[in-house]
Amino acid sequence: MADTLEFNDIYQEVKGFMNDGRLRLSKAGLMYKNNKTGKVENIAATDLSEGIWRRVALGYGLRLSTRTGQVYKYDGFREPEFEKLSEYIKTHFQVDLVEKDMCVKGWNWGSVRFGGQLLSFDIGEQPAFELPLSNVSQCTTGKNEVTLEFHQNDDTEVGLMEIRFYVPPTQDDGGDPVEAFAQNVLSKADVIQATGDAVCIFRELQCLTPRGRYDIRIYPTFLHLHGKTFDYKIPYTTVLRLFLLPHKDQRQMFFVISLDPPIKQGQTRYHFLILLFSKDEDINLTLNMSEEEVEKRFEGKLKKNMSGCLYEMVSRVMKALVNRKITVPGNFQGNSGAQCITCSYKASSGLLYPLERGFIYVHKPPVHVRFDEVQCVNFARGTTTTRSFDFEIETKQGLQYTFSSIEREEYGKLFDFVNAKKLNIKNRGLKEGMKQAYDDYADSDDDQHHDAYLERMKEEGKIRENADSDDSGDESDESFNPGEEEDEVAEEFDSNPSASSSSADSDEDKEKPAKKPKVPKPSKEKKPRKKTEGKKGKDPAAPKRPMSAYMLWLNASREKIKGDNPGISIIDLSKKAGEIWKGMSKEKKEEWDRKAEEAKRDYEKAMKEYNKNAPPPEVSKKEKKSKGEKKTSEKTEKKKSGKAASPSRTPVKTNTVKSKEFVSSDESSSDESTHKKGSDEEMASSPQSSNDSD
């Protein structure tokens, strides 16, 4: 037979909630470890008095009773495991494992049997249900009735609040059965009553959680916090761990008490009690016990008269009464020499302490994560500034804690600590060669952290820039002619067009220099508009531009990344891909660089074929307009020169020909057409004056 038996996925019932954990049996006894809290319970082999095997909702269960009346229930066993368990318990614990079934008739009348700390409601010889009396918080009596109220467990969705028993009167004169029932319950119930004198009292201690000043009264079985508004009674059985942590300023100390179940204030639950002390504050303490009682109870851990720092006295008394070790920071030292790191958690600044077996954050809200429940950790780039980074912790239960705004000088120390504890680092590929990685991180944040989206935009911008520079030589803005615009402006703002057209060249030379400064303004406004309107459209038949090496790799690896990270968003996928690409070796990147070069050569070859076979470009309306305006200006100059050579031609005919030319041009401006029309009407209405002038 094996020396030990171990069972995984075993559930322990605690106030209606099934805690998941592991059960191990050895010759010394039983040990159960809670997977969620890490709390370990030990039952010595000599303390066991009874073992019962029965069918329960989660398969088969084991109920163990001790000689002091404690009851432990473990569920999740399989039926074939009965033989192995029965033989082991019989051999090493000298206890018979008895099979006993529960009554499932559903009757609500029967008999009550008190055994140790257990109340059993039996129907006939079989129990219908059992109530641990340690869960009872209040017991009240009435006429022929007893009401029990229970402590609540915040983890359970459905809990037992209270139960009432009707106790029929009896004809015997042995006493009131209701009072006898209540006394049996109260003798084993967990009803905290501040009876007797406190062992010692600490006055006006500063408490961060719950916030305020409290008097702490130390009783033999519980801790009493007395404040101006609230009182808390904390049984020592609910204390899970004790921590003594130095503040970063080296002048204060944190004393942290981890509680399970937590203390309650309305709907608020406090899983941690955090006290803050000054190192300079001293106290002289005298215990309210005789020296013989102190020696007998604490076995030298405490003395009747003690003196020293206040935080040392509180921690010593709590350690002796709770009988648990005090956890202090290990060998970790940050960049400043402190044993903690300044960071933020949920928008509140605090201190993160790397311990020998976990991390603890104080103080708002307090967080304690053990190494054995950590799935992986991650070093991420800071979201607000490049001078800091984030430290993320993912647990096996699916919870994630992000400690942000950590100074980058702490990066190397924290990474070395995590690496030494052999925790799974999620982005280890980026951190191989710790010293080099830290130097790169400290020198350039952009080099250390790859931005996939930014790189893709840069690549596409380079391709567009090269394409635009190649096409710029073929494109020409034919609609822009500075000389023509000068003529148009001069003609448009001329108050007497007939006189200006027939004036001598010397007069034109005098007018032009005065109007030249006005010409650049409309030309500057028209240039970008005309160039934008005349820009070529994209041909769908043109070859597609080649992708970069990174984009080729991303298209080939996108599905694999999605498979490794189910439910990842597009932004996180891009970030994750960038991290993977940054961590790839040069040999692997060379393969995609070659593919990118091949794609670029294929694109250039396809562009040459496309340019050879491309149809001639169509003449746009703008080009037609510019050509028409050129022809019009040439004809106008010919007519002017012809008019000077043969004065017998009447201006009416000249104007008629000119009007026809402008009417035939569809692209002429409205101002010019209106102006010319007015000139024609004036000359047609007074032909005599025209002939006289000739």
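Residues numbered from 1 in each chain as written. Predicted model: local features only at pLDDT ≥ 70, side-chain atom pairs only at ≥ 80, totals over all residues. Heavy atoms only, no water.

1. Some details on the sheet that holds strand S21 (residues 268-278)
Now for step 1: Taken in spatial order, the eight strands of this open sheet run S18-S17-S16-S15-S21-S20-S19-S24, and their pairing is mixed. Edge positions in the open sheet fall to strand S18 (231-235) and strand S24 (326-327), since each of these has one partner strand only.
Now for step 2: Bridge count for strand S19 (residues 239-246) against S24 is two bridges, and the pairing is parallel. In the sheet register, Leu242 faces S24, and the bridge partner there is Ile326.
Now for step 3: Sheet contacts for helix H4 (residues 310-322): strand S15 (200-209), strand S16 (212-218), strand S17 (222-226), S19, strand S20 (252-265), S21 and S24; angle to S15, the most-contacted strand, approximately 100°. (Pairing = 2+ DSSP bridges. Helix = DSSP H or I, 4+ residues; strand = E, 2+ residues; numbered from the N terminus. Contact = heavy atoms within 4.5 Å. Axes fitted to C-alpha atoms, helices over the stretch in contact; angles between N-to-C directions.)

2. Structural notes on the pattern of salt bridges
Now for step 1: Enumeration over the complete set of coordinates arrives at 18 salt bridges.
Now for step 2: A salt bridge links Arg63 to Glu50; its shortest N-O distance comes to 3.2 Å. Here the residue Arg63 occupies a position in strand S6 (residues 59-66), and Glu50 occupies one in strand S5 (residues 48-56), the gap between them amounting to 13 residues.
Now for step 3: Take Arg63: its relative accessible area is 8%, and that puts it in the buried class.
Now for step 4: With a relative accessible area of 34%, Glu50 lands in the partly exposed category.
Now for step 5: Among the charged side chains, a network of salt bridges with common partners joins Glu50, Arg54, Arg63, Lys73 and Glu130. (Salt bridge = Lys/Arg side-chain N within 4 Å of Asp/Glu carboxyl O. Buried < 20%, exposed > 50% of the residue type's maximum accessible area, 1.4 Å probe, protein only.)

3. Observations concerning the confidence of the model for the protein
Now for step 1: Residues at a pLDDT of 70 or more form 71% of the protein, whose mean pLDDT is 76.
Now for step 2: Highest mean pLDDT in the protein belongs to strand S27 (residues 358-362) (94); lowest belongs to helix H9 (residues 482-492) (39).
Now for step 3: Low pLDDT (under 50) marks residues 429-449, which in the prediction has 34 contacts with non-local residues, meaning those over four places away or in another chain. (pLDDT = per-residue confidence, 0-100.)

4. Overview of the environment of Gln70
Now for step 1: Within the secondary structure layout, Gln70 lies in the loop between S6 and strand S7 (71-77).
Now for step 2: Judged by its relative accessible area of 31%, Gln70 falls in the partly exposed class.
Now for step 3: Sequence-wise, Gln70 and Ser134 are 64 residues apart; in three dimensions their C-alpha atoms are separated by 9.1 Å.
Now for step 4: Not counting residues up to four positions away in its chain, the partners in contact with Gln70 are Leu64, Ser65 and Gln117.

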